[in-house]
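Here is how the chains run, residue by residue.
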Amino acid sequence: MADHPRPVDVSTPPGLEPEPDPEPEPVPEPDPDPGALLEVALDAALAASELITNGRPADLEAVSKSSPTDLVTVVDRRAEELVAERIRRRRPQDRIVGEERGESAGDGSTDSPVTWWVDPIDGTTNYVYDHPGYAVSVAAQVDGRIVAGVVADPTHARVHRATLGGGAYCDDERTGRTTRLELGDPPPLARALVATGFSYQPEVRTAQARLLAELMGRIRDVRRMGAASLDLCAVAAGRVDAYFEAGLETWDFAAGGLIATESGARLCGLDGGEVRPGSVLCAHPDLAEQLLAALASIDPH
């Protein structure tokens, strides 16, 4: 009888198993087109504007956040969820930072350079009181630069929008007209209408009031409207000549700041340096220099 060949052991010896294939690295995404990002921002902002206007409940369930005067409502949260949902439909890979939800990462499908800054209701106190002066603000940032922004103002039926290098515009939903926003020559500081805002912290508000009392004699008048994004758009549209405020966060000024700069305004910190959270000033470049000098000369203490 012929001998049968013995079976050969082809198993891998213990400890020599092959390493599992590594997870694929996210593919870097080319810098997105600002115009395409603006379309996403418009879709999200208009949907949220519709919600806060027509979805306003009888009970807003308003509660305090950082202080008794710093409010948030159930509608703020619903609007921010809607904005995030609209962005995720078209750009699931992007990072989103909102005032109420905080930061949420993308799905990791690509290494996206885009961060969205969202304020679902800028001017919540006005909204609680049903007082005109609140807006939805959505901005897209690419590699550290704001490249697209929308500020939707439902009480005045205005939609302000801009792309980096593409100009700033205001769409009037009542008339159907679109206006390009371009600053003209500014007045001197003594004839400037200046907008500002105040902190939610009582001790800071007191110091800000002292500073404003000193400034009042050097300007035409002051306006306090209660929504930073709309104040910045008001500079762009010529409804005020200048705006400054301490204590803001990036979602407060990201979209409105782009709209203002694309109209020809200077956006900077209160010391004349780079704009940053907590320090924002905006005006025509010539007027900005005058306002910066005036503020630097005032001791609020």
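In case you missed it, the structure is sitting above this.
Here the structure is a predicted model, which means the values were calculated and not measured. (Residues numbered from 1 in each chain as written. Predicted model: local features only at pLDDT ≥ 70, side-chain atom pairs only at ≥ 80, totals over all residues. Heavy atoms only, no water.)

## So, the environment of leucine 211
Consideration 1: The topology assignment puts leucine 211 in helix H4 (residues 202-215).
Consideration 2: It is 7.9 Å that separates the C-alpha atoms of leucine 211 and leucine 295, two residues lying 84 residues apart in sequence. (Helix = DSSP H or I, 4+ residues; strand = E, 2+ residues; numbered from the N terminus.)

## Some thoughts on the state of the cysteines
Consideration 1: Scanning the model with the defined rule gives 0 disulfides in all.
Consideration 2: Among the cysteines around cysteine 170, which has no disulfide bond, cysteine 233 carries the closest sulfur, lying 7.9 Å off.
Consideration 3: A relative accessible area of 0% means that cysteine 233 is categorised as buried. (Disulfide = S-S within 2.5 Å. Buried < 20%, exposed > 50% of the residue type's maximum accessible area, 1.4 Å probe, protein only.)

## Digging into the pattern of salt bridges
Consideration 1: Enumeration over the complete set of coordinates arrives at 8 salt bridges.
Consideration 2: The closest approach of N and O atoms between arginine 86 and aspartate 43, which form a salt bridge, is 2.9 Å. Placement of the pair is arginine 86 in helix H2 (residues 74-90) and aspartate 43 in helix H1 (residues 34-54), with a sequence separation of 43 residues.
Consideration 3: A residue is classified by how much of its surface remains accessible, and aspartate 43, at 26% relative accessible area, is partly exposed.
Consideration 4: With a closest N to O distance of 2.7 Å, arginine 95 and glutamate 103 form a salt bridge.
Consideration 5: Residue classification places glutamate 103 among the exposed residues on the basis of a relative accessible area of 52%. (Salt bridge = Lys/Arg side-chain N within 4 Å of Asp/Glu carboxyl O.)

## Quick notes on the side chain of serine 229
Consideration 1: Among the secondary structure elements, serine 229 is positioned in helix H5 (residues 228-237).
Consideration 2: Of the residues examined, serine 229 reaches a relative accessible area of 0% and is grouped as buried.
Consideration 3: Setting aside its immediate chain neighbours within four residues, serine 229 contacts Asp122, Ala135, Ser137, Val151, Asp252 and Gly256. (Contact = heavy atoms within 4.5 Å.)

## Describing the packing of H5 against helix H6 (residues 250-262)
Consideration 1: Packing of H5 against H6 leaves a shortest axis separation of 8 Å and a crossing angle of 5°. On the basis of the axis angle, H5 is roughly parallel to H6. Here Ala228, Ser229, Leu232, Cys233 and Ala236 of H5 lie close against H6, whose contacting residues are Asp252, Phe253, Gly256, Gly257, Ile259 and Ala260.
Consideration 2: Its residues assigned to classes, the contact of H5 with H6 comprises 7 nonpolar, 3 polar and 1 charged. (Axes fitted to C-alpha atoms, helices over the stretch in contact; angles between N-to-C directions. Parallel < 35°, antiparallel > 145°, perpendicular 65-115°, else oblique. Nonpolar A, V, L, I, M, F, W, Y, C, P; charged D, E, K, R; others polar.)

## Considerations on the nonpolar core
Consideration 1: Leu37, Ile52, Ile87, Trp116 and Val138 are the most contacted members of the largest nonpolar core, which has 32 residues in total.
Consideration 2: Secondary-structure elements contributing two or more residues to this core are H1, H2, strand S7 (114-122), strand S8 (135-142) and strand S9 (145-153).
Consideration 3: A per-element tally of this core places H1 first, with 9 residues.
Consideration 4: Once residues within four sequence positions are removed from consideration, isoleucine 87 is found in contact with Val40, Ala44, Pro92, Ile96, Trp116, Val118 and Val138.
Consideration 5: One finds Phe198, Leu215, Phe244 and Leu281 within the second-largest nonpolar core, a separate group that totals 21 residues. (Core = buried A, V, L, I, M, F, W, Y, C linked by side-chain atoms within 4.5 Å.)

Spatial relationships are all this shows, so hold off on functional conclusions.
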